[in-house]
Amino acid sequence: MTDIIVIGGGIAGLSAAAQLSADAKVTVLEQESSTGYHASGRSAALYEENYGLPSTVALNTASKSYLFEANGGYLTQRGFLILAQADERPAFETDAETLGADEVSLDRALELVPILNRDRLAFAGYHADAFDIDTDRLMQDFIRLIRANGGEVVTKSPVTAISRTGTGWQVVAGDSTYNAPKVVNAAGAWADNVAKMAGIAPLGIIPHRRSMARIQAPDGHDVRNWSMFFGVGETWYAKPDAGALIVSPADEDPVEPHDAWADDMTLAEGIARYEAMVTVPVTRMLASWAGLRSFSPDRALVLGPDPQDPDFIWSAGQGGYGFQTSPAASQLVADLTMGRNPELPDHIVAQLTPDRLRE
């Protein structure tokens, strides 16, 4: 028998399980053949401390030292550019203030991304303190910690039934049955489905599709040191990745939980917005895909025991913030699960626990 069953092998589940494994025997159940298959494996993976709601920013800040220092660190400087046309000045100023970007000259913007179109670009803001996250190594290190502490990660184990017992929970996954006093729901886009299966009222967590395309490095440029760059209002973005560029329309279309794929029309619109701000057209895509970013009704993460049953714990609603919040979010889940006082301020904890959505 295990102490805690964690349902979901993405960054939310793996990080929570790793933190919990110091105090309990943990079993992670992942429905796919590998961990990080869905949203976690399809993330643009940027750490930007000022990105998100105040509760998300608090988690970002609390996660910073871990991401910079643990196991040699997981962050590499990238920086980002906000780009605006002449009629977008008010929106540009709002984005720059929110994200802590300083306005820079167009010459400086072209130093950072040489293909920008001077004829369309009127304003640019730069923020150096944005970092790529080594997402694969972060997840693998969490898995190593789980196993080192006596836990296990079981793939190809879709959960089909969850029932309350006299001593906790019984979970049927694949051909196996697991029993544990506590269950952590880290099922991402399927989080509400898992809650319903367990007889827990859903919270209204809705997955939203984000489409992405990989394109060749424009005109043979070496893009490795380019900043990430995007339009005001986050209507599109482009980010260097493995010698190519990822371009996204930054779409957020609500969908049912599924193995997501890119919407061709939405992707074409995003590429057109990107092309309007650069001098090199996109002639072909190398690949396209989509991920599901799941949000609670107030768009804050949902972390901690459900007031309906405190042995059912949520680690869900990460939206696009799962990796950059994972050290602090998982620590909060572990503290609340094990009955410890969290290190985060009380008013931030209140904005993250599921109690707020049960009122």
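The protein chain carries the name FAD-dependent oxidoreductase in an unreviewed UniProt entry, which gives Sulfitobacter sediminilitoris as its organism.

Time to look at the overall build of the protein chain. Each helix and strand in the protein chain was counted, giving 9 helices and 21 strands. By the compact-globule yardstick of 21 Å for 359 residues, the protein chain fits well, its C-alpha radius of gyration being 21 Å. Across the 359 residues that make up the protein chain, the buried fraction comes to 56%. Sequence-distant contacts in the protein chain: of pairs separated by 6 or more residues, those separated by 24 or more amount to 72%. If you sum the accessible surface of the protein chain, you get close to 14700 Å²; carbon and sulfur atoms cover 48% of it.

Right, let's get into the sheet that holds strand β12 (residues 176–180). With antiparallel pairing, the 3 strands of this open sheet are ordered in space as β10-β11-β12. One side of each edge strand has no neighbouring strand; the edge strands of this open sheet are β10 (159–165) and β12. The sheet shows a mean angle of 20° between the axes of neighbouring strands, direction not considered. Pairing of strand β11 (residues 168–173) with β12, which is carried by 5 bridges, proceeds in the antiparallel orientation. Residue pairing for β12: Val 172 is matched across the bridge by Thr 177.

So, on to the domain arrangement of the protein chain. The assigned domain composition of the protein chain is domain 1 (4–59 + 134–205 + 297–357) and domain 2 (80–127 + 206–293). Using only C-alpha atoms to locate each centre, domain 1 and domain 2 end up separated by 30 Å. Counting residues at the interface gives 18 residues for domain 1 and 22 residues for domain 2. Approximately 1600 Å² of surface area, both sides summed, lies buried where domain 1 meets domain 2, with 54% of it carried by carbon and sulfur atoms. Counting across the domain 1 and domain 2 interface gives 1 salt bridge. Residue Arg 299 is joined to Glu 252 by a salt bridge in which the shortest nitrogen-to-oxygen separation is 2.9 Å. On inspection of domain 1 and its partner domain 2, the count reaches 5 residue pairs in polar contact (both at pLDDT 80 or more). Residues that form the side of domain 1 that touches domain 2 fall into these classes: 9 nonpolar, 6 polar and 3 charged.

Moving on, we come to helix α5 (residues 135–148). The end-to-end C-alpha distance of α5 is 20 Å, a good match for the 20 Å that 14 residues give at a rise of 1.5 Å each. All of the buried residues in α5 are Thr 135, Leu 138, Met 139, Asp 141, Phe 142, Ile 143 and Ile 146. Where the residues of α5 are buried, they touch α1 (11–20), β2 (26–29), α2 (54–69), β8 (130–133), β9 (152–154) and α8 (322–338). Of the residues trailing α5, Gly 150 is marked for its positive phi of about 90°.

Sheet topology places strand β1 (residues 4–7) next to strand β13 (residues 182–185); 4 bridges connect them, and they run parallel. Bridge pairing in β13 links Val 6 to Val 184.

This brings us to the environment of Val 104. You can see Val 104 is positioned in strand β6 (residues 102–104). Owing to a relative accessible area of 18%, Val 104 belongs among the buried residues under this scheme. Spatially, the C-alpha atoms of Val 104 and Gly 125 are 5.5 Å apart, while their sequence positions differ by 21 residues. Those residues in contact with Val 104, other than ones at most four positions away along the chain, are Leu 81, Ala 109, Ala 124, Gly 125 and Tyr 126.

A few words on the pattern of salt bridges. For side chains of opposite charge, pairing can occur when their charged atoms come near one another. All chains considered together, the criterion is met by 25 salt bridges. Among the salt bridges present, the one from Asp 141 reaches Arg 144, with a minimum N-O distance of 2.5 Å. Taken as a pair, Asp 141 and Arg 144 lie in helix α5 at a separation of 3 residues, close to a single helical turn. Taking relative accessible area as the criterion, Asp 141 reaches 14% and is therefore assigned buried. Between Asp 241 and Arg 214 there is a salt bridge; the shortest N-O distance is 2.4 Å. Highlighted residues: Asp 241 in strand β16 (residues 237–241) and Arg 214 in strand β14 (residues 206–215), separated in sequence by 27 residues. Accessibility expressed as a relative area gives 24% for Asp 241, which makes it partly exposed. Through salt bridges that share partners, Arg 210, Glu 234, Glu 252, Arg 293 and Arg 299 make up one connected network.

Quick notes on the rules
Residues numbered from 1 in each chain as written. Predicted model: local features only at pLDDT ≥ 70, side-chain atom pairs only at ≥ 80, totals over all residues. Heavy atoms only, no water. Helix = DSSP H or I, 4+ residues; strand = E, 2+ residues; numbered from the N terminus. Rg over C-alpha atoms; globule rule 2.2 N^0.38 Å. Buried < 20%, exposed > 50% of the residue type's maximum accessible area, 1.4 Å probe, protein only. Contact = heavy atoms within 4.5 Å. Areas by Shrake-Rupley, 256 points an atom, 1.4 Å probe, with all protein chains shown as cover. Pairing = 2+ DSSP bridges. Axes fitted to C-alpha atoms, helices over the stretch in contact; angles between N-to-C directions. Domains from an automatic or database assignment. Buried area = accessible area lost by both parts, 1.4 Å probe. Salt bridge = Lys/Arg side-chain N within 4 Å of Asp/Glu carboxyl O. Polar contact = N/O pair within 3.5 Å; in protein donor to acceptor, adjacent residues only side chain to side chain. Nonpolar A, V, L, I, M, F, W, Y, C, P; charged D, E, K, R; others polar. Expected span 1.5 Å × (residues − 1).

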